[in-house]
Amino acid sequence: MSDTAILSPETMPDVRGKLTQNAPLAKLVWFKAGGTADWLFEPADVDDLCAFVGALDTSVPLMPLGLGSNLIVRDGGVPGVTIRLGKSFAKIENRGDNTLDCGAGAHGVLIASTARDNGIAGLEFLRGIPGTLGGFVRMNGGAYGRETADVLVDCDVVLRDGSLATLPVAELGYTYRHSQLPEGAVVVGARLKGKAGDPEDIGAEMERIAQAREDSQPVRTKTGGSTFKNPPDEKAWQLVDAAGCRGMMRGGAQVSEKHTNFLINTGDATSADIEQLGEDVRAKVRENSGIELEWEIQRVGRK
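Every value quoted in this text rests on a predicted model; they were computed, and no experiment measured them. (Residues numbered from 1 in each chain as written. Predicted model: local features only at pLDDT ≥ 70, side-chain atom pairs only at ≥ 80, totals over all residues. Heavy atoms only, no water.)

Asker: Explanation requested: the sheet that holds strand E1 (residues 18-24) in the structure shown.
Answerer: Strand order in this open sheet of four strands is E1-E2-E5-E3, and the pairing throughout is mixed. Looking at strand neighbours, the two that pair on one side only are E1 and strand E3 (62-65), the edges of this open sheet. For this sheet, the mean inter-axis angle between neighbouring strands, taken without regard to orientation, is 30°. The sheet contact formed by strand E2 (residues 36-42) and strand E5 (residues 78-84) spans four bridges and is parallel. Across the sheet, alanine 37 pairs through a bridge with valine 78, a residue of E5. (Pairing = 2+ DSSP bridges. Helix = DSSP H or I, 4+ residues; strand = E, 2+ residues; numbered from the N terminus. Axes fitted to C-alpha atoms, helices over the stretch in contact; angles between N-to-C directions.)

The structure is reproduced here in structure tokens:
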């Protein structure tokens, strides 16, 4: 069965949320570039998502979309269904025992702030990651010396057959910026555990992280966050800088002058410009140091 037949409006499952065909994605990602989603589904709640996924042909690709901060959506658009979790997936509750129960749509800054307000230390680093919990869980998101694997207890996921499962952290196979979540699984919630702390001290650490990020990163530009993973015992930005890539351009895309592990859209860059600039940087670093940089930014869709 072809994608077109599977994804015709007549064959799409009924939903209570919002289902949009050929939905522009550029406005939903930080780079502000890229094509459309064949279909964009914004479920009303977990039950709506489970029913939809369970009724959808299993050959249809699914792509969860959070804040779109660590993502290049290619210009040819994203096949299948892109799933965006809204406000009903952004709730955060204090479960006691220094544990927060968070929806996958909750922003890192809100999780960190809620932890502070409840005297829970150890989650301050989430203040420094632009994104939502679902992305942190999937990518083992981290910053400032800590990562999701350090604080995650377990997570709730909707599996490709539409069932809801809870997976403990030990089953996620976490490594640096990587997890072994089941193929097609959509994270909908998770429990994060810290330790008892003083709200004033927690707030001070969050301020320090926010200021460090402001000082060192091009946070007020159209960017995608850290572009490449740090190789063992190396810093990606130093390798990029040493290869002479600071400020390098392709079309409207540029290697940030402020932090060389960030690519920015200076105005009218296509996703192809951004991705190819990244490949240009990888080639120069390989030539200069012999090190093969790995992408940290996810690149999705048709070229």
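Still to come is the rest of the account.
Asker: Help me understand helix H7 (residues 271-289), please; the structure alone is not making it clear to me.
Answerer: Owing to its 3.6 residues per turn, the α-helix brings residues three or four apart onto one side. Under the 1.5 Å per step criterion, the end-to-end length of H7 is 27 Å for 19 residues, consistent within 8% with the ideal 27 Å. For H7, the complete set of buried residues consists of Ser271, Asp273, Ile274, Glu275, Leu277, Gly278, Val281, Arg282 and Val285. The elements touched by buried residues of H7 are strand E4 (71-73), helix H6 (236-242), strand E16 (249-250), strand E17 (253-255), strand E18 (263-265) and strand E19 (298-300). Positive phi appears at glycine 290, one or two residues downstream of H7, with a value of about 80°. (Expected span 1.5 Å × (residues − 1). Buried < 20%, exposed > 50% of the residue type's maximum accessible area, 1.4 Å probe, protein only. Contact = heavy atoms within 4.5 Å.)

Asker: How should the packing of aromatic side chains be read in this particular structure?
Answerer: Each aromatic ring pair is characterised by the separation of its centres together with the angle its planes make. One pass over the full model with this rule turns up two aromatic pairs. With a centroid separation of 4.2 Å and 35° between ring planes, the pair formed by phenylalanine 41 and phenylalanine 52 is classed as tilted. With phenylalanine 41 in strand E2 and phenylalanine 52 in helix H2 (residues 46-55), the pair connects residues that are 11 residues apart, well separated along the chain. A ring pair is formed by phenylalanine 228 and tryptophan 295, whose centres lie 5.3 Å apart and whose planes are at 55°; its orientation type is tilted. Taken together, the residues span a long stretch of sequence, with phenylalanine 228 in the loop between strand E15 (222-223) and H6 and tryptophan 295 in the loop between H7 and E19 at a distance of 67 residues. With a relative accessible area of 1%, phenylalanine 228 lands in the buried category. (Phe/Tyr/Trp six-rings, centres within 6.5 Å; stacked < 30°, edge-to-face > 60°.)

Asker: Please explain the layout of surface pockets as it appears in this structure.
Answerer: Regions of empty space are outlined by a rolling probe, equal in size to a water molecule, passed over the atoms. The volume enclosed by the second largest pocket comes to roughly 280 Å³. Of all elements in the fold, only strand E6 (92-96), strand E7 (99-103) and strand E13 (186-193) reach the threshold of two or more residues within the lining of the second largest pocket. (1 Å grid on protein atoms, 1.4 Å probe; cavity = no way out; pocket = protein on both sides within 12 Å on 5 of 7 lines; lining within 4 Å. Points joined across faces, edges and corners; volume = space filled by probe spheres on them.)

Asker: Where do I start with the nonpolar core in this structure?
Answerer: A general trend in soluble globular proteins is that nonpolar side chains are found buried together. Ranked by size, the top nonpolar core spans 47 residues in total, and within it Leu49, Val81, Ile111, Leu123, Val137 and Leu192 carry the most contacts. Taken domain by domain, this core gets at least three of its residues from each of domain 1 (9-87) and domain 2 (89-216). If sequence neighbours within four positions are ignored, valine 137 has contacts with Thr148, Leu152, Cys155, Leu172, Tyr174, Ser179, Val187 and Ala190. By size, the runner-up hydrophobic cluster in this structure holds 22 residues, among which are Ala243, Val255, Ala269 and Ile297. (Core = buried A, V, L, I, M, F, W, Y, C linked by side-chain atoms within 4.5 Å. Domains from an automatic or database assignment.)

Function-wise, these values are silent; they only describe arrangement.
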